[in-house]
Amino acid sequence: MIEDDLRAAFARHEPLTPPTGPLRAAIDRLATRRRRRRQRWRAGGAALALLGVLGIGVPLFTPDRSGPPQAAELLGESGRPAPTGAVTILLLGIDSQTSRPPLADSVLLVHIPADRSRPYLVSLPRDLKVRIPGRGTDKLNTAFPFGAGLERPDLTKGYELTRRTVAELTGAGVESGFVLTFSALRTLTDAVDGVPVCLPQGVRSVHTGRLFPAGCQRLDGAASVDLLRQRRGLAQGSQDRDHNARLFAAGLVRQVREQGVLTDPVRLSKLLGAIGPDLAAASDGVTMLDLMRLVPTLRSVDPVGLSLPISEPTGRDQYLHADPALAPEFLTALREDRLGEWAARHPERVDPAG
């Protein structure tokens, strides 16, 4: 009797049941969007790592906003298309603890070619003789304190004058830029449980006496900052330091990939909150979300390291000078998005940072 009543009840209500086709289609659309979002985020994690060392950063505060981005903001959809054409980003590493006002100890361009083959890391020597708009001629690293000011330095103003100096030097457009202090770098390195670095030669710290042996090793935050500060005692001085910085950047990319730190939006948001006060960003139309949408289109995220060719120092000249034979060709290749061709013609100048 009960079974008959149940069958009758189901029969009466069956016509009221909505069709399952539209519901299943909606579920499938939602699952597809989430799967694509996860894929973009995995690639974006490598981008954040690449933009996180020596200026590799995340725009935690800009002239018109402050505070770390929320997880939903980092993962959210946007109607803006990914940037097209070549994109060049200026990255500045600032040692705010040992120099007052802070100098830009590391000046790095990340060039992403239009063919999206792979990124190029281009070091510009800190001691390079350049014209600084409104300040005459001086070393490249002094553009930052000239712009930031002596009292209560403004990181974004220091970045802006350095950007103008670099743009005039290279003739290349700079779509976005980041400033990272060594304090933030230490926090970032510890957050990913250290960074593996393979050094071509041993380095003795003039600050702590620590020996970094030639070969592969894992560095914690304090050791990383110690290494990246070293230039005295190195055969090529600041050029060797720039080389070590590129090796460190590649190691950070690999470590973040392996750990998946930046694929966890909650953990990422906490990390950004911790390093926020030591980081600044500026954008000339290309935002971090734009960059994250761009990175999944890269065929490889492993960077190739290059440096602006310079002449051998002579006498006691305190400046470095661009090589009159090679630098013009190199800068033309940068402006015309032909760094891959230049590297193929000058393999001895290539420093695969991987």
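Here the structure is a predicted model, which is why all the values come from computation and not from measurement. (Residues numbered from 1 in each chain as written. Predicted model: local features only at pLDDT ≥ 70, side-chain atom pairs only at ≥ 80, totals over all residues. Heavy atoms only, no water.)

Colleague: Any chance you could break down the pattern of salt bridges for me, citing the residues and the numbers?
Modeller: The full count for this structure, using the stated rule, is nine salt bridges. Between Arg241 and Asp105 there is a salt bridge; the shortest N-O distance is 3.9 Å. With a gap of 136 residues between them, Arg241 in helix H8 (residues 238–259) and Asp105 in strand E2 (residues 104–112) connect regions that are remote in the sequence. Here Glu168 and Arg131 are joined by a salt bridge, their closest N and O atoms 2.5 Å apart. Residue Glu168 is located in helix H5 (residues 155–170), and its partner Arg131 is located in strand E4 (residues 129–132); the two are separated by 37 residues in the primary sequence. On the basis of relative accessibility, which here comes to 44%, the residue Arg131 falls in the partly exposed class. Here the residues in one salt-bridge network are Asp105, Arg126, Asp127, Lys139 and Arg241, joined through shared partners. (Salt bridge = Lys/Arg side-chain N within 4 Å of Asp/Glu carboxyl O. Helix = DSSP H or I, 4+ residues; strand = E, 2+ residues; numbered from the N terminus. Buried < 20%, exposed > 50% of the residue type's maximum accessible area, 1.4 Å probe, protein only.)

Colleague: Please provide a residue-by-residue account of the nonpolar core, values included.
Modeller: Nonpolar side chains in soluble globular proteins tend to be buried together. One finds Leu90, Leu92, Val107, Leu124, Phe144, Phe330 and Leu339 to be the most contacted residues of the largest nonpolar core, which totals 35 residues. Take this core: its biggest share by element is five residues, from helix H11 (residues 327–335). Discounting chain neighbours no more than four positions away, the residues touching Phe144 are Leu92, Ile94, Pro102, Ala104, Leu155, Gly158, Tyr159, Thr162 and Val179. Listed in part, the 22 residues of the second largest apolar core include Ala184, Leu185, Leu227 and Leu252. (Core = buried A, V, L, I, M, F, W, Y, C linked by side-chain atoms within 4.5 Å. Contact = heavy atoms within 4.5 Å.)

Colleague: Can you lay out helix H7 (residues 221–229) for me, pointing to particular residues and giving the numbers?
Modeller: Of all nine residues in H7, eight are buried; the element is thus mostly enclosed. Residues of H7 that are buried include every one of Gly221, Ala223, Ser224, Val225, Asp226, Leu227, Leu228 and Arg229, and no others. The N-cap residue of H7 is Asp220: its side-chain oxygen and the backbone nitrogen of Ala222 are 3.4 Å apart. (Polar contact = N/O pair within 3.5 Å; in protein donor to acceptor, adjacent residues only side chain to side chain.)

Colleague: For the state of the cysteines, give the residues involved together with the corresponding values.
Modeller: Think of a disulfide as a covalent bridge from one cysteine sulfur atom to another cysteine sulfur atom. Taken as a whole and assessed by the stated rule, the structure comprises one disulfide. Residue pairing for Cys198: its cysteine sulfur links by disulfide to Cys216, the two sulfurs lying 2.0 Å apart. Residues Cys198 and Cys216 are joined by a disulfide whose S-S torsion is about 100°; by sign, that bridge is right-handed. In this pair, Cys198 is assigned in strand E7 (residues 195–199) and Cys216 in strand E10 (residues 215–219), connecting sequence segments 18 residues apart. When its relative accessible area of 37% is taken as the criterion, Cys198 is described as partly exposed. (Disulfide = S-S within 2.5 Å.)

Note that all results are geometric; they support no functional claim without further evidence.
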